[in-house]
Amino acid sequence: MAYEQELVPPHLNSALSAAQEREVEFFRHWGYLVVEQAITPPEVALLREALDETFARQQSEFIHQLLEQDDRFAFLIDHQPILSRIRALLGTCIQLHSATARVTRPGTLDQDWHRDGPWPMDFAGTPYGSLPGQINCAYFLDDLNPENGPNMIVPGSHRVPFRPPLGHPTFPDEKKVFARAGDVVMFDGWLYHRGGANNSQANRRGCFMCYQNAWMKSREPFDGPRVTKLRETGPPERQMLLGAVGPW
Ligand SMILES: O=C(O)CCC(=O)C(=O)O
């Protein structure tokens, strides 16, 4: 066997409370969920500090392999207010697809509508039931407003069987999410989404923890020194989240 048996939970689906079932139903239908104040103000301050330092070193708007940058990001791996919802949606055998951050500088233009993966979508899934399931969790570290740009989504678009339009035309049913610092927008990676233009004078900061089932390929290798140490020293679920289950 290529993995330690104790890493794999005995059941794929755990029992859900009535409140969790309502959230799952909402997410299945609309493809997103806003979790207000999922991190505390001190946690927001900690992440801002870590991200500002990372950004000063990297000078890149988009930061890949975030967990390799600074230990202060590590608590996001299994932050329970979000991970409990990921488990409710994807089941218990889950891993990170990627951990990234975006610092949207003043003057950045509107993003184009996009999905996070190239795979075609069919609202019926496959005959056996699977969908390209991937859920991105956007931790916003600044209050979003019309100046620095909302997080834009088209609720329900995660199941439409065609790709988003080119550019960033207006959808009649688009939603501008004005998240507050500390809120998390969880969204199906196939939901049409984009970041709004930043016309303010300040950076607009966010960390993106993206999850999928543990039997899928991750986008990141998760093989750098910080992640390797986190995996080797972490409890079983954290090990699984960081890719300890290799080939099946
Ligand atoms: O910043 C946002 O609101 C969304 C960012 C995004 O979709 C991306 O970076 O691909």
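Bear in mind that the values here come from a model prediction, so they are computed numbers and not experimental data.

What counts, and at which threshold
The numbers attached to residues start from 1 for each chain and follow its sequence in the written order. Residues qualify for local features only when their pLDDT is at least 70, as the model is predicted, and side-chain atom pairs are given and counted only at 80 or more; totals for whole chains, interfaces and linings, by contrast, use all residues. In this analysis, strands are considered paired if DSSP registers two or more bridges between them. Put simply, DSSP H or I for four residues or longer makes a helix, DSSP E for two residues or longer makes a strand, and each gets a number counted from the N terminus. Each residue is classified by how many other C-beta atoms fall within 10 Å of its C-beta atom, where C-beta atoms are placed from the backbone; a count of 20 or more means buried, 12 or fewer means exposed, and values in between mean partly exposed.

Colleague: Kindly report on the sheet that holds strand S1 (residues 32–35), identifying the contributing residues and their values.
Modeller: Taking strand neighbours across the sheet as the criterion, the 6 strands line up as S1-S7-S4-S9-S3-S2 in an open arrangement whose pairing is antiparallel. Looking at the sheet topology across the chains shown, the edges are occupied by S1 and strand S2 (62–63). The pairing of S1 with strand S7 (residues 184–188) spans 4 bridges and is antiparallel. Bridging from a neighbouring strand, Val34 pairs with Val185 of S7.

Colleague: An account of unusual backbone geometry is requested, with residue identities and associated values reported.
Modeller: One non-glycine residue, Gln59, adopts positive backbone phi at about 50°. Phi angles above zero are rare outside glycine, and Phe222 is one such case at about 50°. Its place among the elements puts Phe222 in the loop between strand S9 (204–213) and helix H4 (225–233).

Colleague: I'd like a rundown of the pairing of strand S3 (residues 94–104), residues and numbers included.
Modeller: Most of S3 sits out of view: 10 of its 11 residues are buried. Where S3 meets S9, 10 bridges bridge the pair, whose relative direction is antiparallel. From the neighbouring strand, Ile94 faces S9, where its bridge partner is Asn213.

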